[in-house]
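The chain contents come next:
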Amino acid sequence: MKKGEFVISVALAALVMTMFIMAQQHWQTPTFKAVAQHAEAYLLNHAKASDGLPQLSGYDVARVYPLNYGLRAVLYRSKVVTLGFSPGRLIIYNRADQPLYAHDTLEGARDNWTAIYDFAGRHGMPVAGGRPGPLYLRDINGDGKTEMIIGQYSGGDRCCTTLTVLEVNAHGLEPIAHIQGLNGWPFDGLEVRRLGHDRTWQLIVHRPVTTACGSRSDAADVISIYAYGNGKYSNQTPKFSTYLDGVLREDLARWAREKFPPISLLQSLAALYAELGQPDRAKKFFAQNLPHFVPQLQQQGLDPNACLSDVNHLVDTLAKPPA
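Not measured: the values here are computed from a predicted model.

Visitor: Explain the overall build of the protein to me, using residue names and the numbers behind them.
Guide: Across its full length, the protein carries seven helices and 12 strands. Put simply, the protein has 323 residues, and 46% of those count as buried. Residue pairs at least 24 apart in sequence account for 47% of intrachain contacts in the protein once pairs closer than 6 positions are excluded. Carbon and sulfur atoms make up 53% of the accessible area of the protein, which totals about 16800 Å².

Visitor: Talk me through the packing of helix H4 (residues 263-275) against helix H7 (residues 304-319); I want residue IDs and the actual numbers.
Guide: Helix-helix packing is described using two parameters, namely the angle between the two axes and the distance between the axes. Taken N-terminus to C-terminus, the directions of H4 and H7 make an angle of 30°; their axes are 8 Å apart at the nearest point. Here H4 and H7 pass one another in a crossing that is right-handed. The segment H4 lies against H7, with Ile263, Gln267, Ala270, Ala271, Ala274 and Glu275 engaging Cys307, Val311, Val315, Leu318 and Ala319. For the contact of H4 with H7, a count of residues per class yields nine nonpolar, one polar and one charged.

Visitor: How would you summarise the environment of Leu182 if you had to cite specific residues and measurements?
Guide: Summarising the element assignment, Leu182 is placed in strand E8 (residues 172-183). Through-space distance from the C-alpha of Leu182 to that of Val205 is 6.4 Å; in sequence the pair is 23 residues apart. If sequence neighbours within four positions are ignored, Leu182 has contacts with Cys159, Cys160, Thr161, Leu163, Gly189, Leu190, Val205, His206, Arg207 and Pro208.

Visitor: Go over the pairing of strand E4 (residues 99-108), please, and point to the residues and values.
Guide: On a regular strand, one side chain projects to one face of the sheet and the next to the other, so that they alternate. Burial within E4 is extensive, with eight of its 10 residues counted as buried. By the bridge criterion, nine bridges tie strand E3 (residues 85-93) to E4 in an arrangement that is antiparallel. Opposite Leu90, over in E4, you have His103 as the bridge partner. The antiparallel pairing of E3 with E4 creates a hairpin that spans five residues between the two strands, and Asp97 there sits at a positive phi of about 60°.

Visitor: Go over the sheet that holds E4 with me, naming the residues and quoting the values.
Guide: An order of E1-E2-E3-E4 is seen for the four strands of this open sheet, with the pairing classed as antiparallel. The two strands at the open ends of the sheet, each matched to only one other strand, are strand E1 (59-66) and E4. Each neighbouring strand pair of the sheet contributes to a mean axis angle of 20°, computed without reference to strand direction. Relative to strand E2 (residues 72-78), E1 runs antiparallel, the two being bridged by seven bridges.

Visitor: So, the side chain of Gln236: which residues are in play, and what are the values?
Guide: Note on placement: Gln236 falls in the loop between strand E12 (232-235) and helix H3 (241-257). Residue Gln236 is classed as buried on the basis of its relative accessible area of 15%. There is a polar contact of 3.0 Å between the side chain of Gln236 and the side chain of Lys239.

Visitor: Quick rundown of the environment of Lys283? Include the residues and the values.
Guide: Within the secondary structure layout, Lys283 lies in helix H5 (residues 279-289). Separated by 31 residues in the primary sequence, Lys283 and Leu314 have C-alpha atoms spaced 9.9 Å apart. Those residues in contact with Lys283 that sit more than four places away from it in its chain are Asn312, Val315 and Asp316. Reaching out from Lys283, the side chain makes a polar contact with the side chain of Asp316 at a distance of 2.8 Å.

Visitor: So, H4: which residues are in play, and what are the values?
Guide: With 13 residues, H4 should reach 18 Å at 1.5 Å per residue; the first-to-last C-alpha distance of 19 Å fits that figure. Buried residues dominate H4, accounting for 13 of its 13 residues. One or two positions beyond H4, positive phi appears at Gly277, with a value near 80°.

Visitor: Could you give me a rundown of unusual backbone geometry, with the residues and numbers involved?
Guide: Backbone geometry at Leu83 places phi at a positive 55°, although glycine is not the residue there. Mapped onto the elements, Leu83 comes out in the loop between E2 and E3. Accessibility expressed as a relative area gives 78% for Leu83, which makes it exposed. Even without being a glycine, Asp97 presents a positive backbone phi close to 60°. Locating Asp97 in the fold gives a position in the loop between E3 and E4.

Visitor: Hey, could you go over the pairing of E8 for me, with residue numbers and the actual values?
Guide: Both strand E7 (residues 160-169) and E8 contribute to a ladder of nine bridges, which runs antiparallel. Each bridged residue has a counterpart across the sheet, and for Glu167 the counterpart in E8 is Glu174. Hairpin connection from E7 to E8: two residues lie between these consecutive antiparallel strands.

What counts as what
Residues numbered from 1 in each chain as written. Predicted model: local features only at pLDDT ≥ 70, side-chain atom pairs only at ≥ 80, totals over all residues. Heavy atoms only, no water. Helix = DSSP H or I, 4+ residues; strand = E, 2+ residues; numbered from the N terminus. Buried < 20%, exposed > 50% of the residue type's maximum accessible area, 1.4 Å probe, protein only. Contact = heavy atoms within 4.5 Å. Areas by Shrake-Rupley, 256 points an atom, 1.4 Å probe, with all protein chains shown as cover. Axes fitted to C-alpha atoms, helices over the stretch in contact; angles between N-to-C directions. Left-handed = near helix turned anticlockwise from the far one by under 90°. Nonpolar A, V, L, I, M, F, W, Y, C, P; charged D, E, K, R; others polar. Pairing = 2+ DSSP bridges. Polar contact = N/O pair within 3.5 Å; in protein donor to acceptor, adjacent residues only side chain to side chain. Expected span 1.5 Å × (residues − 1).

Next comes the structure, spelled out in structure tokens:
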């Protein structure tokens, strides 16, 4: 075998091994094992653009996020576009351009549907010309390590965003939360706030829950609060009743103030009562105010009784402690 043919054979063997590893992992978890790192590094780093970014065959670079500790995240978008969508991949590299974390995404043909939360921005998104610059890493769980939050929007009628929280530690990048179903564009349905007096930050998640009372625009805004404990973020909504009670008071004031409040607000109020451990009050409040919306429901071809039954089911579900 000639020297050139031998080199090509070795390269093809490395590529086959890489594709096998990718198929097994589906690009879902951090690649901590040395074999996986070297195989992926071969595929991703065999070519670099003039700006020094690792190139991915068949993909363009859509965005670059400069992170601390010599890390950088690169969002790639496939050159193949179907029905306005395009496959993507978010890859986080170390100083040596070795991939530490990789994840499949779905991107718009023109817009990026994947983003990294900017703690210095507004609603997690950078503000043009804002000061200070973007802040993508922050210790939000109070353990002295920094975290980053990735938001992946599903696009179109699928409506929602999935969050992944990654912790930067000595081993690389470790997922400590995976939260699905957030409302809207990457961080529309997320608030990162301190609700207590310690150093930890909570993730306030807003999910649209549709019922037989209407479309997604009529959905209830269901709030869940994720707090850190035992090495991960989990749904601990019942522990934050003071916060929920404040939201309830604000929504009740809006209900009383508006001449024609939307049915989405009525459903959201029922959900809040349920999460505060008052399912009977939730059902009563909803039933008493539903008649105002009966003409609207009937005009849309919706059954008011089905609407009432569906909301009662939602109330019963929310009144149970989160799993």
